[in-house]
Amino acid sequence: MAFLPDGRLLVTQKAGQLRLVSADGATVSGPISGVPTVDDGGQGGLLDVALDPSFNVTSNRRIYLAYSEPGPVGSGINGTAVASAELNATLTAVENLKVIFQQLPQKASAGHFGLG
């Protein structure tokens, strides 16, 4: 999870959802759209979210997502990936997603993503 400057949190869920939680924990948003597809088998999933060091809700909404990336359909392989993206102004969608790290080669694995 990552704390926004106003106390709200971005929280990742194993199955691949990213949600916004109010500062008091009382309200949880629906899934934020635009998150990459993840391989959530075994230890896989949407692994982490981090804010850009200069994150600001009004001018810099860049985030980074680490996730277990599925290989080609039916291949049984996967790997760790990291993407940068921007949250939209209403914090309901991820936009301009760009993979900035991709484990290659991918491996057949259900755990310890990134280890060969």
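Everything that follows concerns the structure shown earlier in this document.
Residues numbered from 1 in each chain as written. Predicted model: local features only at pLDDT ≥ 70, side-chain atom pairs only at ≥ 80, totals over all residues. Heavy atoms only, no water.

A. The arrangement of the pattern of salt bridges in detail. Going through the model one piece at a time under the given rule, you end up with two salt bridges. In this structure, the salt-bridge partner of Asp-6 is Arg-8, at a minimum N-O distance of 2.8 Å. The partly exposed category is assigned to Arg-8, whose relative accessible area is 24%. Note that Arg-62 and Glu-86 form a salt bridge whose closest N and O atoms lie 2.9 Å from each other. In this pair, Arg-62 sits in strand S5 (residues 62–70) while Glu-86 sits in strand S6 (residues 78–87), placing the two residues 24 residues apart along the sequence. (Salt bridge = Lys/Arg side-chain N within 4 Å of Asp/Glu carboxyl O. Buried < 20%, exposed > 50% of the residue type's maximum accessible area, 1.4 Å probe, protein only. Helix = DSSP H or I, 4+ residues; strand = E, 2+ residues; numbered from the N terminus.)

B. Local environment of the nonpolar core. In terms of nonpolar packing, the biggest core is built from 20 residues, with Leu-10, Leu-18, Ile-63, Leu-87 and Val-94 touching the most fellow members. Counting only elements with at least two residues in this core, the list comes to strand S3 (18–21), strand S4 (46–51), S5 and S6. (Core = buried A, V, L, I, M, F, W, Y, C linked by side-chain atoms within 4.5 Å.)

C. Looking closely at the sheet that holds strand S7 (residues 94–102). Read across the sheet, four strands follow the order S4-S5-S6-S7 without closing on themselves; strand pairing throughout is antiparallel. The sheet is open, and its two edges are formed by S4 and S7, each paired on a single side. For this sheet the average axis-to-axis angle between neighbouring strands, irrespective of direction, equals 25°. Summarising the sheet, S5 and S6 pair through nine bridges and their orientation is antiparallel. (Pairing = 2+ DSSP bridges. Axes fitted to C-alpha atoms, helices over the stretch in contact; angles between N-to-C directions.)

D. Representation of the pairing of S6. Burial analysis of S6 places eight of its 10 residues in the buried class, which makes it a mostly covered element. Relative to S7, S6 is paired through six bridges, and the arrangement is antiparallel. By the bridge assignment, Glu-86 is partnered in S7 with Glu-95. In this structure, the hairpin formed by S6 and S7 is closed by a connection of six residues, where Leu-91 is found at a positive phi of approximately 60°.

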